[in-house]
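Single-letter residue listing:
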Amino acid sequence: MGLIGRGYPDEIARRIPPGQRLVKTWPVLHVGPIPRFDGERWDLEVSGLVEEPTVIAYADLRSMPTVLVGADMHCVTGWTTLDNAWEGVPFRAIAERVRPLPEARWVIAHGAAGYSANLSLAAMLDDDVLLAWRNHGEDLTPEHGWPLRLVVPKRYAWKSVKWLTGLEFSAENRRGFWEIRGYHVHADPFAEERYAYQERGGAEREP
Ligand SMILES: Nc1nc2c(c(=O)[nH]1)N[C@H]1C(S)=C(S)[C@@H](COP(=O)(O)O)O[C@H]1N2
Ligand SMILES: [Mo]
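Residues numbered from 1 in each chain as written. Chains lettered and ligands numbered in written order. Predicted model: local features only at pLDDT ≥ 70, side-chain atom pairs only at ≥ 80, totals over all residues. Heavy atoms only, no water.

K.L.:
Can you help me understand the nonpolar core in this one?
P.N.:
Proteins that are soluble and globular tend to have nonpolar side chains buried together. Judged by nonpolar contacts, the single largest core of 52 residues is most densely connected at Leu61, Phe91, Leu131, Leu150 and Leu167. Contacts of Leu167, omitting those with residues within four sequence positions, involve Leu44, Glu45, Val46, Ser47, Phe91, Ile94, Val107, Ile108, Ala109, Met124 and Leu131. (Core = buried A, V, L, I, M, F, W, Y, C linked by side-chain atoms within 4.5 Å. Buried < 20%, exposed > 50% of the residue type's maximum accessible area, 1.4 Å probe, protein only. Contact = heavy atoms within 4.5 Å.)

K.L.:
Explain empty space enclosed by the protein here, please?
P.N.:
The gaps of empty space that remain are located by a probe, the size of a water molecule, rolled over the atoms. In total, this model carries two cavities of 30 Å³ or more according to the counting rule given. What the largest cavity holds in volume is close to 60 Å³. Every residue along the wall of the largest cavity is listed here: Asp72, Met73, His74, Trp86, Arg149, Val151, Val152, Pro153, Arg155, Tyr156, Ala157 and Ser160. For the lining of the largest cavity, the elements supplying multiple residues, two or more each, are strand S6 (67-74) and strand S12 (149-151). At three residues, the largest contribution of residues to the lining of the largest cavity is made by S6. In terms of residue class, the lining of the largest cavity is made up of seven nonpolar, two polar and three charged. (1 Å grid on protein atoms, 1.4 Å probe; cavity = no way out; pocket = protein on both sides within 12 Å on 5 of 7 lines; lining within 4 Å. Points joined across faces, edges and corners; volume = space filled by probe spheres on them. Helix = DSSP H or I, 4+ residues; strand = E, 2+ residues; numbered from the N terminus. Nonpolar A, V, L, I, M, F, W, Y, C, P; charged D, E, K, R; others polar.)

By themselves, these are just geometric observations and shouldn't be taken as functional.
Below, the structure is given as structure tokens:
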């Protein structure tokens, strides 16, 4: 029950990664404009090294079985929010549908307007990774990623691509928007993997 760190109880303090601070409100952070959602046209392209490349219409995606995931969120700029309650489709369900080929080891998540992030397939297959449209029982607002965002709780939040339009399976580690601009591929907040110069081969580490 002791107070450590910046005065949070232990059970809270241990959930705040090094160099992060807890915030009470949910900040909005992204580059570029917020896309307009058209339910007739929005779909998810699942491409690359899979047996069944496919385009999943938004209505089809919304008819898939859903999960609830409680998760904390850590932005590399320093803020952390606790106890988000995401609702959506597990990434694993998408993978089961398209069946990745044995050579697929990476996934590039594509967002609207050219944003992207890459993750190892192993990291994506974690059971808390989902394609979400709700948090705390409410539909996401456009600025938080409506109609669909990726959520990868165990990585810095730049990997949680908002306005998700595509998932591309690849054999190679192809860096995404921030990974190209000097950010870490693995991006574990508790290891403080913020910058590419820290990688030293570690980026290939899995998951
Ligand atoms: N499409 C897209 N997704 C994105 C970003 C972005 O610029 N574009 N920014 C990322 C970053 S850096 C963070 S911290 C989170 C912020 O999500 P939020 O605005 O819902 O808090 O979205 C991530 N997803
Ligand atoms: Mo971020």
